[in-house]
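# Chain and residue survey
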Amino acid sequence: MYKNAVIAAVVPAYKEERMIATVITTMPDFVDHIVIVDDCSPDGTSDVVRGLDDPRVTLIRHEENQGVGGSIITAHRAAMELGSDVNVVMAGDAQMDPAYLPDLLDRVTDGGFGFAKANRFYSPESFRGMPGYRVLGNIVLSFFTKLSSGYWNLFDPQNGYTAVRTEVLSRIALERVARRYSFENDLLIRLNIAQVSATDVPIPAVYGEEVSSIRLSKVIPELLHRLTVGYWSRIWYRYVLWSFSPIALLLFAGLFFTLVGLGITIWVMFQIAASVVATAATVMLAALPLMIGFQMLLAALQLDIQATPDAPDRKPFAPARSPLAD
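First, a word on what this report is: a plain description of the structure on this page. (Residues numbered from 1 in each chain as written. Predicted model: local features only at pLDDT ≥ 70, side-chain atom pairs only at ≥ 80, totals over all residues. Heavy atoms only, no water.)

### What to know about the packing of helix 5 (residues 132-149) against helix 7 (residues 183-193)
Let me state the cut-off plainly: Angular values range over 0 to 180 degrees, each being the angle between N-to-C directions of two axes fitted as lines to C-alpha atoms, with helices fitted over their stretch in contact. Secondary structure elements are defined from DSSP: runs of H or I of at least 4 residues count as helices, runs of E of at least 2 residues count as strands, and each element is numbered from the N terminus. Angles are sorted into four bins: roughly parallel if under 35 degrees, roughly antiparallel if over 145, roughly perpendicular if 65 to 115, and oblique for all others. By definition, turning the near helix anticlockwise from the far helix through less than a right angle yields a left-handed crossing, and turning it clockwise yields a right-handed one. When checking whether two residues touch, look at their non-hydrogen atoms; a contact exists if any pair is within 4.5 Å. Under this grouping Gly is polar, as are all residues other than the nonpolar Ala, Val, Leu, Ile, Met, Phe, Trp, Tyr, Cys and Pro and the charged Asp, Glu, Lys and Arg.
Remark: helix 5 packs on helix 7, axes separated minimally by 9 Å, with the N-to-C direction vectors making an angle of 30°. When the axes of helix 5 and helix 7 are compared, the pair comes out roughly parallel. Every pair of crossing elements has a handedness; the one defined by helix 5 and helix 7 is right-handed. Contact with helix 5, carried on its side by Leu141, Thr145, Ser148 and Ser149, involves Asn185, Leu188, Ile189 and Asn192 of helix 7 and no other residues of that element. Of the residues assigned to the contact of helix 5 with helix 7, the class counts are three nonpolar, five polar and no charged.

As structure tokens, this is what we get:
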């Protein structure tokens, strides 16, 4: 138990025969439950877990591979059935340093947040030694995830080192969250729709000898699709269905004027190409909708940033009552 909260470590594992024992043996004593989900590993991951003498461990093995997101979802559900108050995700490859676990837990136990995640890139020095294309990729992905999820205060969205209150998870339709590499991005979108307060925690990365098996040709289209669908889902639920916000009005009107302006601009360009002289009125007819549309989109973006659920709004966990008190 940590600060009156029952803590469960959620550990997705796939082909982690070499490192899973390190994850379990280095788990802090204040972690009450360790839920390991072997995602149909072809190696001896499950055998290693069974060979360890730790009463906190619950082992679940998937008969079919469900991806890292599917493993985390299975583990979250199992941890909640065990009575956890806070679930923290720990990778099965020991790349999440348990020494920083209190930093995450402090934010959700008595810090007032419903969700906290690690941020590896909390200073310019964090990018040192990383190839330029990876730096650019992380920046671009973080921006698009901010736009899609509405958490403009968060960075490093693919970092899976997270802590979340189970009362928050109970409000999320876990069966509908993405089960592959876009799990973290999709979860953020759904947390924002539920208006869960979230924060970043500066935690340095721990890199081992593992080689990533991610195929960008498969992951990038999946992420783009998930972020696009997630963005419009968030706009629909938060700013249209539940309360018709000025953000929705500005967004839709801005898109309309922008598209009209672009259409007129293309028409004018064809006219000029056909040797027709464009008058000042014709130019303004194209420019004015573009300017109005851009200003409306900018205002919608500003209001969306201001609506980020980044303020702590939850009470600390109360101490467990003694049976003698009754």
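### Brief notes about the pairing of strand 5 (residues 115-119)
Note the threshold: Buried residues are those whose accessible area, probed at 1.4 Å on protein chains only, stays under 20% of the maximum for their type, while exposed residues exceed 50% and partly exposed ones sit between those limits. Strand pairing follows a simple DSSP-based rule, namely that at least 2 bridges must link the two strands.
With five of five residues buried, strand 5 is to be regarded as a mostly interior element. Burial of the side chains of strand 5 extends over both faces: Phe115, Lys117 and Asn119 are buried on one face and Ala116 and Ala118 on the other. Relative to strand 6 (residues 162-165), strand 5 is paired through three bridges, and the arrangement is antiparallel. Opposite Phe115, over in strand 6, you have Val164 as the bridge partner.

### What to know about the nonpolar core
Formally: Side-chain atoms within 4.5 Å are what join buried Ala, Val, Leu, Ile, Met, Phe, Trp, Tyr and Cys residues into a set we call a nonpolar core.
Residues Val88 and Tyr161 are the most contacted members of the largest nonpolar core, which totals 31 residues. Elements that contribute at least two residues to this core include exactly strand 1 (7-13), helix 1 (20-25), strand 2 (33-38), strand 4 (86-89), helix 4 (101-109) and strand 5. Apart from the residues lying within four places of it in its own chain, the contact partners of Val88 are Ile7, Ala8, Ala9, Val10, Leu101, Leu104, Tyr161, Thr162 and Ala163. Within the second largest apolar cluster, 26 residues are counted, among which are Val37, Val89, Leu187 and Ala194.

### Side note on helix 10 (residues 280-306)
Operational definition: Here the expected span of a helix is defined as 1.5 Å times the quantity of residues minus one.
A rise of 1.5 Å per residue sets the reference length of helix 10, with its 27 residues, at 39 Å; its end C-alpha atoms lie 38 Å apart and thus fit the reference within 8%. Every buried residue belonging to helix 10 is among Ala286, Pro289, Gly293, Ala300 and Asp304, and all of these are buried.

### Re the pattern of salt bridges
Pairs can form between side chains of opposite charge once their charged atoms are near each other. To keep things clear, this is the line we draw: What makes a salt bridge here is a side-chain nitrogen of Lys or Arg within 4 Å of a carboxyl oxygen of Asp or Glu, nothing more.
For the coordinates displayed, the defined rule picks out 14 salt bridges. Among the ionic pairs, Arg120 bridges to Asp156, the shortest N-O distance being 2.6 Å. With Arg120 in the loop between strand 5 and helix 5 and Asp156 in the loop between helix 5 and strand 6, this pair connects stretches of sequence that are 36 residues apart. Notably, a salt bridge pairs Arg314 with Glu167, separated by 3.5 Å at the nearest N-O pair. Here Glu167 lies in helix 6 (residues 166-169) and Arg314 lies in the segment after helix 10, a separation of 147 residues in the sequence. Connected via shared salt-bridge partners are Arg165, Glu167, Asp313 and Arg314.

### Examining helix 7
Judged by how many residues are buried, helix 7 sits mostly within the fold: ten of eleven residues are covered. Those residues of helix 7 that sit buried are Phe183, Glu184, Asn185, Asp186, Leu187, Leu188, Ile189, Leu191, Asn192 and Ile193.

### Quick look at the environment of Glu81
In this fold, Glu81 is placed in helix 3 (residues 67-81). In this structure Glu81 comes out as exposed when scored by relative accessible area, which is 73%. C-alpha of Glu81 to C-alpha of Tyr161: the two residues are 80 residues apart in sequence and 21 Å apart in space.

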